[in-house]
Amino acid sequence: MTRSETLPDTEKVLSILSDSLVKLTPQAYIKAIQSCFGISSRAARKTLQQLVEEQQLCYQYHFGNTTVEFNFQRPVRVSDHFVLTPGPGLPADLGPDDIPIIIETGISFGSGQHPTTQLCLEAIDYWCCKPSKKQPKAILNAADIGTGSGVLSLALSKAANMNCDAFEIDPVSIHEARKNIAKNGMTDKVHLFETVMDPMGKEYDVICANLRLPTLRQLSEMIATCLARTGAAILSGFREEEIPALLSSFGTQRMKPVWQKTRKNWSAFVLVPETC
């Protein structure tokens, strides 16, 4: 690194990683930083080293390859309001409107690293955290189908101070979700059911499902049936090219989109009944 070279803007450097459709090795990331900012290899390497030392990024070993990942062993903001933290305590720099969620890193889905988890949290933020005319009435209860780590159930419950029924059948996920619910002190609000959701069960103001497209299509009728007339379904787990098929299935159930976002070729929607 020459004396005249300065390290590039951190947010722009991190956006290279967040926008990448593939996992980046350290060398590939360094080359991308070089190319984007027109700096030397040494300066790009120093930039990566600094972000790792600051614990914003970390190295992970996957099947014989080392990749650069965002570090979820420290508090990470994933939306305007939600901050994921490994605990045990809460971050000292939380704002008055921030909503911390303690998630213990495990092997079940929902640590916050995957784009679909982040998209669901942004969708929950949009629907539940930002008062507007989009909700005709108060949000009182929610359901999370396939809760995984429990992160989305916790987000739903904390966002609107409501009860949330979390459905899960995988034993490992059930174990981890139960731990995370307890760590957040939410056992009285988030109720974990070790079963599939009952299609003839109660009505919900919000239903969240972060599942692959075939499963979402199979559940579309049940979700529409169990959703309150003024409620919202928050869906992710499908690729951008699968959007037409998803909208077709839920369109048949007379549901329409009011919010949508795509990240790294994964998409999420907030859908409401057409009468809403």
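Structure first, text after, so check above.
Residues numbered from 1 in each chain as written. Predicted model: local features only at pLDDT ≥ 70, side-chain atom pairs only at ≥ 80, totals over all residues. Heavy atoms only, no water.

Asker: Can you walk me through the overall build of the protein chain in this structure?
Answerer: Within the protein chain one finds eight helices and 12 strands. A globule of 276 residues ought to have a C-alpha radius of gyration of about 19 Å, and the protein chain, at 20 Å, matches this closely. Here the protein chain, with 276 residues, has 48% of them falling under the buried criterion. In the protein chain, the proportion of contacts linking residues at least 24 apart, taken out of those at least 6 apart, comes to 62%. (Helix = DSSP H or I, 4+ residues; strand = E, 2+ residues; numbered from the N terminus. Rg over C-alpha atoms; globule rule 2.2 N^0.38 Å. Buried < 20%, exposed > 50% of the residue type's maximum accessible area, 1.4 Å probe, protein only. Contact = heavy atoms within 4.5 Å.)

Asker: Just to check I follow, could you spell out the packing of helix H4 (residues 115-129) against helix H5 (residues 151-160) for this structure?
Answerer: Helix packing geometry: the angle between the two helix axes and the distance between the axes. Where H4 contacts H5, the two axes come as close as 10 Å, and the packing angle between them is 15 degrees. Considering their axes alone, H4 and H5 lie roughly parallel with respect to each other. H5 is crossed by H4, and the crossing has right-handed handedness. Contacts between H4 and H5 involve Thr 117, Cys 120, Leu 121, Ile 124, Cys 128 and Cys 129 from the former and Val 151, Leu 152, Ala 155, Leu 156 and Ala 159 from the latter. Looking at the contact of H4 with H5 residue by residue, the classes come out as 10 nonpolar, one polar and no charged. (Axes fitted to C-alpha atoms, helices over the stretch in contact; angles between N-to-C directions. Parallel < 35°, antiparallel > 145°, perpendicular 65-115°, else oblique. Left-handed = near helix turned anticlockwise from the far one by under 90°. Nonpolar A, V, L, I, M, F, W, Y, C, P; charged D, E, K, R; others polar.)

Asker: Looking at this structure, I do not really get H5. What am I missing?
Answerer: Each α-helix winds once per 3.6 residues, and so residues spaced three or four apart point in a common direction. Among the 10 residues of H5, eight are classified as buried, and the element is accordingly described as predominantly covered. Looking only at H5, the buried set comprises Val 151, Leu 152, Ser 153, Leu 154, Ala 155, Leu 156, Ser 157 and Ala 159.

Asker: Explanation requested: the sheet that holds strand E9 (residues 204-210) in the structure shown.
Answerer: Strand pairs in the sheet, formed through backbone hydrogen bonds, run parallel or antiparallel to each other. What the seven strands build is an open sheet, ordered E8-E7-E6-E9-E10-E12-E11; its pairing is mixed. Only two strands of the sheet have a single partner each, and these edge strands are strand E8 (190-193) and strand E11 (255-263). Neighbour-to-neighbour, the strand axes of this sheet turn through a mean angle of 15 degrees, independent of strand direction. Pairing of E11 with strand E12 (residues 266-273) involves eight bridges; the strand directions are antiparallel. Bridged to Thr 262 within E12 is Ser 267. (Pairing = 2+ DSSP bridges.)

Asker: Please clarify how the layout of surface pockets should be interpreted in this entry.
Answerer: A probe matching the size of a water molecule, rolled over the atoms, marks out where space remains unfilled. By volume, the second largest pocket is sized at about 410 Å³. Taken together, 26 residues make up the lining of the second largest pocket; nearest its centre are Ile 145, Gly 146, Glu 168, Asn 210 and Leu 211. Mapped by element, the contributors of at least two residues to the lining of the second largest pocket are H4, H5 and helix H7 (213-226). Sort the elements by how many residues they give to the lining of the second largest pocket and H7 lands first, with three residues. Grouping the constituent residues of the lining of the second largest pocket by class yields 12 nonpolar, 12 polar and two charged. (1 Å grid on protein atoms, 1.4 Å probe; cavity = no way out; pocket = protein on both sides within 12 Å on 5 of 7 lines; lining within 4 Å. Points joined across faces, edges and corners; volume = space filled by probe spheres on them.)

Asker: Which parts of the structure should I look at to understand the sheet that holds strand E3 (residues 76-77)?
Answerer: With mixed pairing, the three strands of this open sheet are ordered in space as E3-E4-E5. Lying at the two open borders of the sheet, with one neighbouring strand each, are E3 and strand E5 (99-102). As paired strands, E3 and strand E4 (residues 82-85) are joined by two bridges and run antiparallel to one another. What sits directly across from Arg 77, in E4, is Val 83. Across the sheet, H5 lies against E4 and E5, angled at about 150 degrees from E5, the strand it touches most.

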